[in-house]
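If you want the building blocks of each chain, they are given just below.
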Amino acid sequence: MLAKQLSIFLENKSGRLTEVTSVLGNAGLNLSAMSIADNSDFGILRCIVSDPDAACRELKNAGFTVKITSVIGIKCPNTPGALARVLKYLSDSSIFIEYMYSFSNGDSANIVIRPTDLEACERILEEKKVDLIAASDLYKL
């Protein structure tokens, strides 16, 4: 259930995010989720796209520094405490989450996580019957 996420290095200057979204749009690639972490000099855009390999190729051809990283997609109820229960499974097993981002849609929430130990994380979530999102489904959200 591992999915590919793009991590794109962006200088902190006006128009860089527009350039990324234009490259993706012009290539017919859909952006389904994203998160930006930044400091005063640069940012890292992390995103899920419809075709990660094609997006990586297009962005590199446009001069962007891009890395593909494996992540895990989770779906849980969009109710108070639902995410806390899932995260407790992981913390009880000493799984550290480097970062995560999420978006809700009606009654469900979709979460993208990057744990330090992908295999152990996936195994624990499967054992606990957490609803994992297949990569192909995550790319289509």
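My aim in this report is to walk through the structure given alongside it, one point at a time. Bear in mind that the values here come from a model prediction, so they are computed numbers and not experimental data.

### Brief notes about the packing of helix H1 (residues 16–26) against helix H2 (residues 52–61)
Okay, so step 1: Close contact between H1 and H2 brings their axes to 10 Å; oriented N to C, the two are set at 125°. Between H1 and H2, the angle is such that the two are oblique. Two packed elements cross with a definite hand, and for H1 against H2 that hand is right-handed. Residues Val20, Val23 and Leu24 of H1 pack against Ala55, Glu58 and Leu59 of H2.
Okay, so step 2: Partitioning the contact of H1 with H2 into residue classes produces five nonpolar, no polar and one charged.

### Quick look at the pairing of strand E5 (residues 97–105)
Okay, so step 1: One ladder, built from eight bridges, connects E5 with strand E6 (residues 108–115); its direction is antiparallel. Of the residues in E6, the one forming a bridge with serine 104 is alanine 109.

### Some details on the packing of aromatic side chains
Okay, so step 1: A complete count under the given rule lists one aromatic pair for this structure.
Okay, so step 2: The ring of tyrosine 99 carries arginine 46 above its face, with NZ or CZ at 3.7 Å from the centroid.

### Quick notes on the pairing of strand E1 (residues 2–11)
Okay, so step 1: For E1 and strand E4 (residues 65–77), the ladder comprises eight bridges, and the chain directions are antiparallel. Opposite alanine 3, over in E4, you have valine 71 as the bridge partner.
Okay, so step 2: Relative to strand E3 (residues 42–49), E1 is paired through six bridges, and the arrangement is antiparallel. Pairing of serine 7 across the sheet is with arginine 46, part of E3.

Basis of the calculations
Residues numbered from 1 in each chain as written. Predicted model: local features only at pLDDT ≥ 70, side-chain atom pairs only at ≥ 80, totals over all residues. Heavy atoms only, no water. Axes fitted to C-alpha atoms, helices over the stretch in contact; angles between N-to-C directions. Helix = DSSP H or I, 4+ residues; strand = E, 2+ residues; numbered from the N terminus. Parallel < 35°, antiparallel > 145°, perpendicular 65-115°, else oblique. Left-handed = near helix turned anticlockwise from the far one by under 90°. Contact = heavy atoms within 4.5 Å. Nonpolar A, V, L, I, M, F, W, Y, C, P; charged D, E, K, R; others polar. Pairing = 2+ DSSP bridges. Phe/Tyr/Trp six-rings, centres within 6.5 Å; stacked < 30°, edge-to-face > 60°. Lys NZ or Arg CZ within 6 Å of the ring centre and 35° of its normal.

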